[in-house]
Amino acid sequence: MDGERDPKMLSFVIPCYRSSQTIGHVVERIERVVEADGRYRYEIICVNDYSPDNTWDVLRVLADDDPHVKAIGLSRNFGQHSALMAGFNYVSGDIIVSLDDDGQNPPEEVFKLVDKLEEGYDLVSAKYLDKKHSWFRRLGSKLSMEMSTMLVGKPKDIDLNSYCVFRRFVADEIVKYQNAYPFVHGLMLRVTRNIANVPITHADREVGTSGYSFRKLVSLWMNGFTAFSEKPLRIASVLGFVLAFAGFIFGLVIIIRKLLNPAEVLAGYSSMMAVMLFLVGIVLLFQGLLGEYIGRIYICQNNAPQYVIKETVNIPQNPYNELQESVQSEREPIQRSAQ
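Now for a quick tour of the structure.

## Side note on the nonpolar core
Part 1: Of all hydrophobic cores here, the largest spans 36 residues; its most connected members are L10, F12, I14 and Y163.
Part 2: Discounting residues that sit within four places of it in the chain, F12 has contacts with I30, V34, Y42, E43, I44, I45, V97, L99 and V110.
Part 3: By size, the runner-up hydrophobic cluster in this structure holds 32 residues, among which are F78, F166, M188 and I195.

## Things to note about the pairing of strand β6 (residues 164-167)
Part 1: Going residue by residue along β6, you find C164 and F166 tucked away on one face and V165 and R167 tucked away on the opposite face as well.
Part 2: Pairing of strand β4 (residues 95-98) with β6 involves four bridges; the strand directions are antiparallel. Residue V97 lies in a different strand from β6, and its bridge partner there is V165.
Part 3: Bridging between strand β5 (residues 123-128) and β6 involves three bridges; their strand directions are antiparallel. Across the sheet, S125 pairs through a bridge with C164, a residue of β6.

## Describing the pairing of strand β1 (residues 9-16)
Part 1: In terms of burial, β1 is a largely internal element, eight of the eight residues being buried.
Part 2: Neither face of β1 is exposed, since M9, S11, V13 and P15 on one face and L10, F12, I14 and C16 on the opposite face are all buried.
Part 3: Taking the sense of rotation as the criterion, the β-α-β connection linking β1, helix α1 (residues 23-37) and strand β2 (residues 41-48) turns out right-handed.
Part 4: Note: β1 against β4, four bridges, orientation parallel. In the sheet register, S11 faces β4, and the bridge partner there is I96.

Here is what the cut-offs are and how they apply
Here the residue numbering is sequential within each chain, running from 1 through the sequence in written order. At least 70 in pLDDT is required for a residue's local features to be given in this predicted model, at least 80 for side-chain atom pairs to be given and counted, and no such filter applies to totals for whole chains, interfaces and linings, which use all residues. No hydrogens and no water enter the side-chain calculation; it runs on all heavy atoms of the structure. Among buried residues, the Ala, Val, Leu, Ile, Met, Phe, Trp, Tyr and Cys ones that are joined through side-chain atoms within 4.5 Å form a nonpolar core. Burial classes: relative accessible area under 20% of the type maximum marks a residue as buried, over 50% as exposed, and values in between as partly exposed (1.4 Å probe, protein chains only). Whether two residues are in contact is decided by their heavy atoms, any of which lying within 4.5 Å being enough. To qualify as a helix, a DSSP run of H or I must reach at least 4 residues; to qualify as a strand, a run of E must reach at least 2; elements of each kind are numbered from the N terminus. Think of it this way: DSSP has to see at least two bridges between two strands before they count as a pair. A clockwise path from the first strand over the helix to the second, with the strands pointing away from the viewer, defines a right-handed crossover.

Function cannot be inferred from these measures alone, as they are strictly geometric.
Pasting the structure below:
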């Protein structure tokens, strides 16, 4: 007689930053919802992205008191997407759930996403009908969505948000990306287009404000630009050709007009300077973009870390220990042969 199979496991991955007052409540709500449902085992992996408050102390207490909670502390602030990558490397579940630490992604609605996934999709993301972010953050999210559509190939009718669930094989492919500038949504779209949306309530933030500054949003956009698409360089080439052709036609028109009417006074100094400043600005803009590509290639070639784990709780090993064991295992045959 076949033995009963263990129920599937849900792995919740939560990047944490300035969330000492909210993460405990989020974890409590997750546990209450999953245990009330009863269909799945679960683990909750919280990644402290070097938060300046006492978030790590809170996570350590949560993990010490509850074996379902696993805590990872990064050595410095690497950003939300790097923190997610750190968590994805330690998931053991069949289904991975990504959500924020501020309570705006209600855990009570997680099974709307999970049940939709079980219909046969590889990835299901929340679709917020009424976002509770500030206008600045909503603008940033809108630009990020458009960028993902134009440059990474996101279907136009699909939203990709931080609250999403996906199958284990998607996570296994995502973590193969080892470069220093991860863009998780781009990595997801590399793996699958079998994606669905589910309407989800976007709650008000419980405490504080968003940790995404203008600088961090720009950095995230640049990750998407430079790591997942060469289209900006193609745009630069096309725009350069168009401007050069327009300049040629304009010059030709000036010569013809001067030949037909030698006494005519052509465009003055002000208009010429305006055109020159515009063209110089375009050239410098795309030189800067090219520099971003080259600089990031250089940093990746120098093996800059995607993240560095400083300490863990309820995690069997950290990457440093695994690396040391790997190096030692490679050295042992050499040492034995030398003997």
